[in-house]
Amino acid sequence: MGDSLVDVGGVTLFVRELGRRGEGPSVVVMHGGPDVGHGYLVPGFEPLARDHHVVLFDFRGCGRSSRGLPDDELQPEFVIEDTHRLIDRLGLGVVDLVGFSTGGRAAIQFVDKHPEQVRRLVLASTSAYSSADAAVHLAGWDEYQRRQRIEDEADGALRNSTVFVWDLDRAPAYLRLLESLGTDLGDWSEERAIQGLMHPWFTGDPEQILRTFAKPVLILHGEKDMGFPVQLAHRLHQAVPSQLTVIPDTAHMCHFEQPETWSHHIHEFLDS
């Protein structure tokens, strides 16, 4: 397999394929951010690729996919249709879909718009709820507040490594990973999101979308996630028929902290 550039009509997506195509569905991954490409996710999918075909790609405006697009073309609905076309262009048929962080929110919209393309859905380190819902759980969490102060004092230099990784001994290694990716960044503007100029990643009630999808869903979460607190994963699990797996002593980047454990849970779910 390897790396390629795939024209999906209007934009070109940088695609990384791990493992070999087999008889089972390919695993398509929607990354988070979208201020970065997919490179930070590779450590979590390399173990899975030992016996699964994994397709990672950079969203439009991220990493090595088409850059410099007009702001009105950097909207979630374009990502959904790019993913739909990518699956078609690669001839993947029905796939297993993994959405990580913000990519999980995009994946919810994907299964609403294109349920026929997805066999099973993994929602990893993500949330179906608002930032206000997350803030309720973060407000009284002293360790989160302490780490956020460290990040603020570093003025962006730590790139949330002390918040996204629970084991602080591992945080420097995660920061080095991010720094090693070089141009694996994105054009999506946080300011536009703050100003309300970004469209929502999904429209409609996410709980109802997943109930209507009515196919197997795995919610995979770090116990100490400080991006999307684990209480939100429990809330979604209670609202939607699903399997919930919480990995102890890991935070938002649990795929990096415990890649073998993380990928094993996905492997078991996909092959069950």
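The structure under discussion appears in the preceding block.
Residues numbered from 1 in each chain as written. Predicted model: local features only at pLDDT ≥ 70, side-chain atom pairs only at ≥ 80, totals over all residues. Heavy atoms only, no water.

Participant: With reference to specific residues and values, describe the side chain of R192.
Facilitator: Here R192 shows up in helix α8 (residues 190-194). The class for R192 is buried, based on a relative accessible area of 15%. Residues contacting R192, with those up to four places away along its chain left out, are D71, L74, Q75, L197 and M198. (Helix = DSSP H or I, 4+ residues; strand = E, 2+ residues; numbered from the N terminus. Buried < 20%, exposed > 50% of the residue type's maximum accessible area, 1.4 Å probe, protein only. Contact = heavy atoms within 4.5 Å.)

Participant: Residue-level account of the packing of aromatic side chains, with values.
Facilitator: Summed over the entire model, instances satisfying the criterion amount to eight aromatic pairs. The interplanar angle of 70° and the centroid separation of 6.4 Å between the aromatic rings of F100 and W262 together place this pair among those described as edge-to-face. Residue F100 is found in strand β5 (residues 95-100), and its partner W262 is found in helix α12 (residues 259-271); the two are separated by 162 residues along the sequence. The burial state of F100 is the same as that of W262; both residues are buried. Its end group placed over the ring of F14, R64 keeps NZ or CZ at 3.9 Å from the ring centre. Taking the ring centre of Y129 as reference, the NZ or CZ of R235 above it sits at 3.8 Å. (Phe/Tyr/Trp six-rings, centres within 6.5 Å; stacked < 30°, edge-to-face > 60°. Lys NZ or Arg CZ within 6 Å of the ring centre and 35° of its normal.)

Participant: Account for the packing of helix α3 (residues 102-113) against helix α9 (residues 206-213), with residues named and values stated.
Facilitator: Contact pair α3 / α9: the axes reach a minimum separation of 9 Å and the direction vectors enclose 50°. Relative to α9, the element α3 lies oblique. Taken as a pair, α3 and α9 cross one another with a handedness that is left-handed. For the pair α3 and α9, contact is made by I108, V111 and D112 and by P206, I209, L210 and F213, respectively. Looking at the contact of α3 with α9, its residues break down into six nonpolar, no polar and one charged. (Axes fitted to C-alpha atoms, helices over the stretch in contact; angles between N-to-C directions. Parallel < 35°, antiparallel > 145°, perpendicular 65-115°, else oblique. Left-handed = near helix turned anticlockwise from the far one by under 90°. Nonpolar A, V, L, I, M, F, W, Y, C, P; charged D, E, K, R; others polar.)

Participant: Before we move on, could you go through the side chain of H84 and cite the residues and values that matter?
Facilitator: Structurally, H84 is set in helix α2 (residues 76-89). In contact with H84, other than residues within four places in its own chain, are F110, H114 and Q117.

Participant: Quick rundown of the pairing of strand β1 (residues 2-7)? Include the residues and the values.
Facilitator: Both β1 and strand β2 (residues 12-18) contribute to a ladder of six bridges, which runs antiparallel. When the sheet's bridge partners are listed, G2 is paired in β2 with E17. Counting the residues between successive antiparallel strands, the hairpin from β1 to β2 contains four residues, one of them, G9, with a positive phi of roughly 95°. (Pairing = 2+ DSSP bridges.)

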